[in-house]
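# Structural characterization, general
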Amino acid sequence: MLIFYGHPFSSYSWKAQIALYEKGIDFEYRNVDPEFPEHGKELHALWPIGKFPLLVDGDRTLFETSIIIEYLDRVQPDPRLIPEDPDAALRVRQMDRVFDLHVMAVMQDIVNDRIRGPEGHAPMIVDKAKAALDTIYAWLDKELAGDGWATPAGFTLADCAAAPSLFYADWVHQIPVHHENLRAYRARLLARPSVARAVDGGRPYRGYFPGGAPDRD
């Protein structure tokens, strides 16, 4: 059985979990929360950087969410999360990068500022992050017109990335009401059973969210 090291409230853990749930793959979840210190030690022994999620399949160890999901397409090809068609796959990978680098990473700048607290508050960093989110929100609102997923290929790697990215980004810098396409897409993601399962798994840890989690979602 696959072994998965992650945290139920971690955005990147969600990204990989959603893929596992979509494919119906059985796996052992080793929660790296401090209440399970042995799992953290195992994680560092496998990957000294200590970042998660991390997937173990026999003697193979995989980290970085996009790589994990690509590997899962080998383990269980149906449903595919990266299309076989090269052009469709390229579009999916591009959108995956958009959500990871231009939504998730930018959102994290705001979260990190909250973690630093008032004494370490850096208004310039926060303002820059919010402006960047406004820019990508506007772009995504145009790209996501319609009632489908991130690309015409159906639910893919890109949507696995989008779900946690937009979930948390909206918490720190809410998507404007006039971006109806993007807000509707986020709602569709949260209604997806695999995404809802990941979100529900993180509910007991919402007290961890810097500055407090909003009373929604």
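Quick summary incoming for the structure in this document. Source: prediction; values computed, not measured. (Residues numbered from 1 in each chain as written. Predicted model: local features only at pLDDT ≥ 70, side-chain atom pairs only at ≥ 80, totals over all residues. Heavy atoms only, no water.)

Core analysis: the biggest nonpolar cluster contains 59 residues, and F99, L140, L166 and Y185 have the highest contact counts within it. Elements with a contribution of two residues or more to this core: strand 1 (2-6), helix 1 (11-23), helix 3 (65-75), helix 4 (86-116), helix 5 (123-143), helix 6 (157-172), helix 7 (180-191) and helix 8 (193-202). Ranked by residues supplied to this core, first place goes to helix 6 with 12 residues. Setting aside its immediate chain neighbours within four residues, L140 contacts M95, V98, F99, V103 and L182. Core analysis: the second largest hydrophobic core is formed by 7 residues, I3, V32, L43 and L54 among them. (Core = buried A, V, L, I, M, F, W, Y, C linked by side-chain atoms within 4.5 Å. Buried < 20%, exposed > 50% of the residue type's maximum accessible area, 1.4 Å probe, protein only. Helix = DSSP H or I, 4+ residues; strand = E, 2+ residues; numbered from the N terminus. Contact = heavy atoms within 4.5 Å.)

Time to look at the pattern of salt bridges. On inspection of all chains with the given rule, the structure shows 17 salt bridges. For D217, the salt bridge is made with R186, and the minimal N-O distance between the two is 2.7 Å. Of this pair, D217 sits in the segment after helix 8 while R186 sits in helix 7, placing them 31 residues apart in sequence. With a relative accessible area of 8%, R186 lands in the buried category. Residue D217 is classed as partly exposed on the basis of its relative accessible area, which comes to 26%. A cluster of three or more residues bridged by salt bridges with shared partners is formed by K15, D96, R97 and D100. (Salt bridge = Lys/Arg side-chain N within 4 Å of Asp/Glu carboxyl O.)

Their axes nearest at 10 Å, the elements helix 6 and helix 7 cross at an angle of 115 degrees. Comparing the axis directions of helix 6 and helix 7 gives the class roughly perpendicular. Where helix 6 crosses over helix 7, the two elements pack in a sense that is left-handed. For the pair formed by helix 6 and helix 7, the contact residues are D159, A162, A163, L166, F167, D170 and W171 on the first element and L182, Y185, R186, L189 and L190 on the second. The residue inventory of the contact of helix 6 with helix 7, partitioned by class, reads 9 nonpolar, no polar and 3 charged. (Axes fitted to C-alpha atoms, helices over the stretch in contact; angles between N-to-C directions. Parallel < 35°, antiparallel > 145°, perpendicular 65-115°, else oblique. Left-handed = near helix turned anticlockwise from the far one by under 90°. Nonpolar A, V, L, I, M, F, W, Y, C, P; charged D, E, K, R; others polar.)

One open sheet holds the 4 strands; their spatial order is 2-1-3-4, and the pairing between them is mixed. Each edge of the open sheet is held by one strand with a lone partner, namely strand 2 (27-31) and strand 4 (60-63). Each adjacent strand pair in this sheet contributes to an overall mean axis angle of 20 degrees, direction not counted. Taken together, the 3 bridges between strand 1 and strand 3 (residues 54-57) define a ladder with antiparallel strand orientation. Bridge pairing in strand 3 links F4 to L55. Set on the sheet, helix 1 makes contact with strand 1 and strand 2; between it and strand 1 the angle comes to about 150 degrees. Those strands touched by helix 2 (residues 37-46) are strand 1, strand 2, strand 3 and strand 4, and its axis lies near 105 degrees from that of strand 1. (Pairing = 2+ DSSP bridges.)

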